Structures are given as structure tokens and as C-alpha cells.
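Working through the structure, step by step
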Amino acid sequence: MAKNNYQAPTGMHDLFQGELDQMARIEQMAKRVADFYGFEKIATPILEFSEIFEKGTGAFTDIVEKEMYTFKTKGGDILTLRPEITPGVVRAYNQHGMQNLPKPVRFWYLGPCFRHERPQAGRYRQFNQLGFESLGAEHPIIDAITILVFYSLLKSLGFKKLAVQINCIGDSQCRGGFKKALSSYLRSKTSSLCVQCRVRQKKNPLRVLDCKEEKCEAIKKNAPQILDHLCKDCSDHFKGLLEFLEELEIPYNVNPYLVRGLDYYTRTVFEISEDTEDGKAQGSLAGGGRYDGLVKLLGGKDTPACGGAMGIERVINLIKARTKEQPPKEPTCEVYLTQVGELAKRKALKLFEQLRQANIKVAEGLHKESLSAQLKQADKMKVKYSIIIGQKEALDKQVIIREMKNGRQKIVDMDKVVRELKGKI
Ligand code: AMP
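Just so it is clear, the model here is predicted, and its values are computed rather than measured.

**Looking at the overall build of the protein chain**
Counting its secondary structure elements, the protein chain contains 16 helices and 16 strands. In terms of overall dimensions, the protein chain is more spread out than a globule: its C-alpha atoms have a radius of gyration of 28 Å, far above the 22 Å expected for 425 residues. In terms of overall dimensions, the protein chain has a C-alpha envelope of 90 × 55 × 45 Å along the principal axes. With 425 residues in all, the protein chain has 50% of them scored as buried. Restricting to contacts in the protein chain with at least 6 residues of sequence separation, those with at least 24 account for 69%. Entry remark: accessible area of the protein chain is about 22300 Å², with carbon and sulfur atoms responsible for 51%.

**A word on the packing of aromatic side chains**
All chains considered together, the criterion is met by 7 aromatic pairs. Taking 5.1 Å as the distance between ring centres and 75° as the angle between the ring planes, the aromatic pair formed by Phe 36 and Tyr 37 counts as edge-to-face. We classify Phe 36 as exposed; its relative accessible area is 67%. Taking the relative accessible area as the measure of exposure, Tyr 37 reaches 24% and is therefore partly exposed. Ring pairing ties together the aromatic residues Phe 39, Trp 108, Phe 132, Phe 150 and Phe 270, which thus form one cluster. The ring of Phe 39 carries the charged tip of Arg 106 above its face, separated from the ring centre by 5.4 Å.

**Notes on the sheet that holds strand β13 (residues 362-364)**
Pairing is mixed across the open sheet formed by 5 strands, whose spatial order is β13-β12-β14-β15-β16. In the strand order of this sheet, the two ends are held by β13 and β16 (409-413), each with one partner. On average, each strand axis in the sheet is inclined to that of its neighbour by 30°, with strand direction left out of account. Note: strand β15 (residues 398-403) against β16, 5 bridges, orientation antiparallel. Residue pairing for β16: Gln 398 is matched across the bridge by Asp 413.

**Structural notes on the pairing of strand β11 (residues 305-311)**
Within β11, 7 of the 7 residues are buried, which leaves the element mostly enclosed by the surrounding structure. Here β11 shows a buried face lined by Ala 305, Gly 307, Ala 309 and Gly 311 and a second buried face lined by Cys 306, Gly 308 and Met 310. Inspection of the sheet shows strand β6 (residues 126-135) paired to β11 by 7 bridges, in the antiparallel sense. Residue pairing in the sheet places Ser 134 in a bridge with Cys 306 of β11. Here strand β10 (residues 286-290) pairs with β11 via 5 bridges, running antiparallel. Bridged to Ala 286 within β11 is Met 310.

**Notes on the site of the ligand**
Near the ligand there are 15 residues, and of these Arg 115, Glu 117, Tyr 124, Arg 260 and Ser 284 occur at the shortest range. Within the backbone of Ala 286, a nitrogen or oxygen atom sits 3.4 Å from an oxygen atom of the ligand. Contact with the protein chains removes 94% of the 480 Å² of surface that the ligand exposes when unbound. Counting residues per element, the ones that place at least two in the shell around the ligand are β6, β10 and β11. A class-by-class count of the residues in the shell around the ligand yields 5 nonpolar, 5 polar and 5 charged.

**Focus on the pattern of salt bridges**
For the structure shown, the criterion picks out 25 salt bridges. Lys 345 is the salt-bridge partner of Glu 369, the closest N and O atoms lying 3.8 Å from each other. With a gap of 24 residues between them, Glu 369 in the loop between β13 and α14 (371-380) and Lys 345 in helix α13 (residues 342-357) connect regions that are remote in the sequence. Judged by its relative accessible area of 52%, Glu 369 falls in the exposed class. Connected through shared salt-bridge partners, Asp 62, Lys 66, Arg 200, Arg 207 and Asp 210 make up one network.

**Some details on the sheet that holds strand β2 (residues 47-49)**
Read from one edge to the other, the open sheet built from 3 strands follows the order β2-β4-β3, with strand pairing classed as antiparallel. Of all strands in the sheet, those with a lone pairing partner are β2 and β3 (69-72), marking the two edges. Strand-to-strand, the axes of this sheet are offset by a mean angle of 35°, without reference to chain direction. Here β3 runs beside strand β4 (residues 78-81); their pairing, made up of 4 bridges, is antiparallel. Bridge pairing in β4 links Phe 71 to Leu 79. Relative to β2, helix α2 (residues 50-58) is tilted by about 70°, and along the sheet it contacts β2, β3 and β4.

**Topic: the side chain of Asn 128**
Checked against the element boundaries, Asn 128 lands in strand β6. The contact partners of Asn 128, leaving out residues within four places of it in the chain, are Leu 15, Met 23, Leu 110, Gly 111, Pro 112, Met 310, Gly 311, Ile 312 and Glu 313.

**Some remarks on the packing of α2 against helix α4 (residues 86-95)**
With their axes 10 Å apart at the nearest point, α2 and α4 run at an angle of 110° to one another. Accordingly, the angle class assigned to the pair α2 and α4 is roughly perpendicular. Along the contact surface, α2 presents Ile 52, Phe 53 and Thr 57, while α4 presents Pro 87, Gly 88 and Arg 91. Of the residues that constitute the contact of α2 with α4, the class distribution is 3 nonpolar, 2 polar and 1 charged.

Parameters and conventions
Residues numbered from 1 in each chain as written. Predicted model: local features only at pLDDT ≥ 70, side-chain atom pairs only at ≥ 80, totals over all residues. Heavy atoms only, no water. Helix = DSSP H or I, 4+ residues; strand = E, 2+ residues; numbered from the N terminus. Rg over C-alpha atoms; globule rule 2.2 N^0.38 Å. Buried < 20%, exposed > 50% of the residue type's maximum accessible area, 1.4 Å probe, protein only. Contact = heavy atoms within 4.5 Å. Areas by Shrake-Rupley, 256 points an atom, 1.4 Å probe, with all protein chains shown as cover. Phe/Tyr/Trp six-rings, centres within 6.5 Å; stacked < 30°, edge-to-face > 60°. Lys NZ or Arg CZ within 6 Å of the ring centre and 35° of its normal. Pairing = 2+ DSSP bridges. Axes fitted to C-alpha atoms, helices over the stretch in contact; angles between N-to-C directions. Near = heavy atom within 4 Å. Polar contact = N/O pair within 3.5 Å; in protein donor to acceptor, adjacent residues only side chain to side chain. Nonpolar A, V, L, I, M, F, W, Y, C, P; charged D, E, K, R; others polar. Salt bridge = Lys/Arg side-chain N within 4 Å of Asp/Glu carboxyl O. Parallel < 35°, antiparallel > 145°, perpendicular 65-115°, else oblique.

Here it is in C-alpha cells:
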């Protein structure tokens, strides 16, 4: 690669130009929801032992088979850049003996994940997930609250056409029977499946159900459905959850083909997307489900659990597309600080800090020399007032406050500027 022509790694992006502000806003709103519902924030390491994903996420999933960034450390450990955060949260739950805490133990998180996927719209190799997890409770009201927190967070972020898809994929009691029925059906259609699904059919037949290839879509239509194979406990759980969703007036669609790409799910799986052209191109905004076996699988006690994660970049992409259609925002600053000459620069710097302490948002051209260039910039920013400090004003310990819309000017003592401006804005 030519010098000075370095690019970020494929599928990885720099976040800037308001994207980090958006992310902070989403985080702030998530915190509000989390505080209300009693989720505590957790930050787990970006690297974990590979085994927790191999065992947890599942050896035969696309993530583990094809997408993990795994390496051997100098000390000989095999570590992976986390492709998702749930297994890390469960590892932390087990490691810190949290099974003794009052149930459910609730966590939320926000942080980067890494998957070596084929980059496309809304699909990156580094992206941020914001998730909510509840550990230690089996009742379907927990599943309903999980869906509710994502749904209400997305609503408060301005999404108006949210579509919730939901399914129940059974548990260890009933899924075996369904897998058998599905496998035997798929065996009779092997030659018509796409190449990937011929492999999936043997290793993980449920995954054939969420294949989007046209060939497989046709085969899926006549496949046995998990909802007809649920045991009584799973069926009651699912009914209970749907009743809660109806009570909460969260519109949903039961999608018998929704299985999701991770192995640890039991019973409930869900996805939330925005029903727009852009939304379709991006895929789901959030997804999750129940994972009653994961805590035990990773060495803990038998512990039911439920959670999900939202993709921050996808949310930001859709917010950006939406705001592009809206008129430009009002100026964020109402005051612009200008100066001419070295003494004025020093006085302006001091005043700038005083204004910050008084919580008055001010734009400045402290590095600039020409007054007209600074006033031009102030005009462009559509501020209401400019403060002008020239050589004379600096010596007299005064400033000029100029009202931009009519050019009216007033001389004010430097130590009274903050009070004067507070009265005006
Ligand atoms: P998952 O962990 O696969 O259940 O995904 C949960 C959410 O994370 C999805 O609904 C997406 O919003 C987001 N997500 C998953 N994979 C990616 C990716 N490669 N790039 C961007 N966002 C992603």
C-alpha cells in the first residue's frame, strides 16, 4: 500500500462527524431505560477465551465457524475478539458468584464486537452492540420486559415503523423431536437446497429455516413447523409471552422460520426491525432471546436467562437517513467570540473560560487574526451575538456586544459580560 494511503481495515470504520454524539445520545437514553427497569451497567473485556464462544455461541454457527478473530497470545492462551457480548456477561456472572444475588440479575452494556463477515450495508467487521440481559428468572414476563426495553428505546429514538418478529424454538425436551422431523423432511429435498444449506442440514438443520436463498425459501414453506412440536411447558411459556406483549400493546408477528444464528437460544427468539426500504437493506436493529442453558454450559448452575442486543451503527445509519430529509438544525451556539491583537487574544481566552464556567455555549476564532473573517464565520453560524475585543477594548477592560441581525452594538465592562449575556439568552 502506498505511503500516506493507509485505510482502516476492511469492514471497520472511523466514527466521527456527529456519529459519536449520536452514540452518546443513544447510550444516555439506554441508561434512562436501564435505570428504570433495574439493569446495572457492565463492561467485560473485549478479549475472552475462545472456548466461551465455541461452547456458548455454538461450534456450528457461522460466527464460530467463519467469523471469529482468534489468535494465540505470547503466553499461549487462545483468545477471541468478542463477536458478541452475552457469553462474556455469563462468564462474569459465573466468575463472580452472582448466582447468590437476588434474581433476576440484570445487566446492560455497550461496546465493540468483531465478526469477519462480508461487509455490506449495515454489516461490518467491527460494530457496537448495546444489550440488556436478565439472569435467573424463567417467567415469560422477563422475555416481555426484554422485548419492551428494546422496543421503547427504539421508539424514543424516533423509530415509528417498528416490526417485532417472534418465535419459540422449544427447549431440550421438544427440540430434539422437531429436529428429527425437520432433518428427515430436508433429507428428501437435499438436491434442491443451496450449497450452504446442504451442509447446515447435517450440522444444524434449524439454520436452514432462516436461509434467504430463493431455492430454500420454497422448501421451507412445506417444512414441519416448530410451533406444532412444542412441549406443554414451551407452549405455555410462548402463550404467556404473547399475552404480555398484547397487554403492552407491542405489535408482533409470529414468524415460525425465525431461529437466529446462535446456538444457545431456547424457547423465545425475537428480532426488531424498522419497516422502511433502508431498514430492509440493513437487516434487524435488535435481536435476542432466551438462553436457559448457557450459564450451566459455561460452568455455572442451571440458570434461566433472557436478553438481546441492538446494533448501534444500524440505528445511527437509519437516524442519519431520516434526518437528511429534515431542515437543518438551529444553531447550537448563540454567541461568537472575536478578537484582534495579542492582548485581546489573551483577554478573549480568559473570557472564553469564564463563559464555559457559566454554561454559555460560545464559538470562537481564537486562532484567527482578521476580524472580518471571524465575523463572516459568526454570520455563517447564525449566532445571535458576537463579542468583539479589539486592542482598545482590551486596554479598557471592555468588550463590544454586537447583535448580529441588526448590527446594533453595546460596550460592556469585561467583568459584566457573563451577566449581560445571561440576561439576553
Ligand atoms: P446478533 O448478535 O447476531 O443477535 O445481532 C444483534 C444485533 O447486532 C443485530 O440486530 C444488528 O443490529 C447488530 N449486528 C449484528 N451483526 C452486525 C454486523 N456485522 N454489523 C453491524 N451490526 C451488526
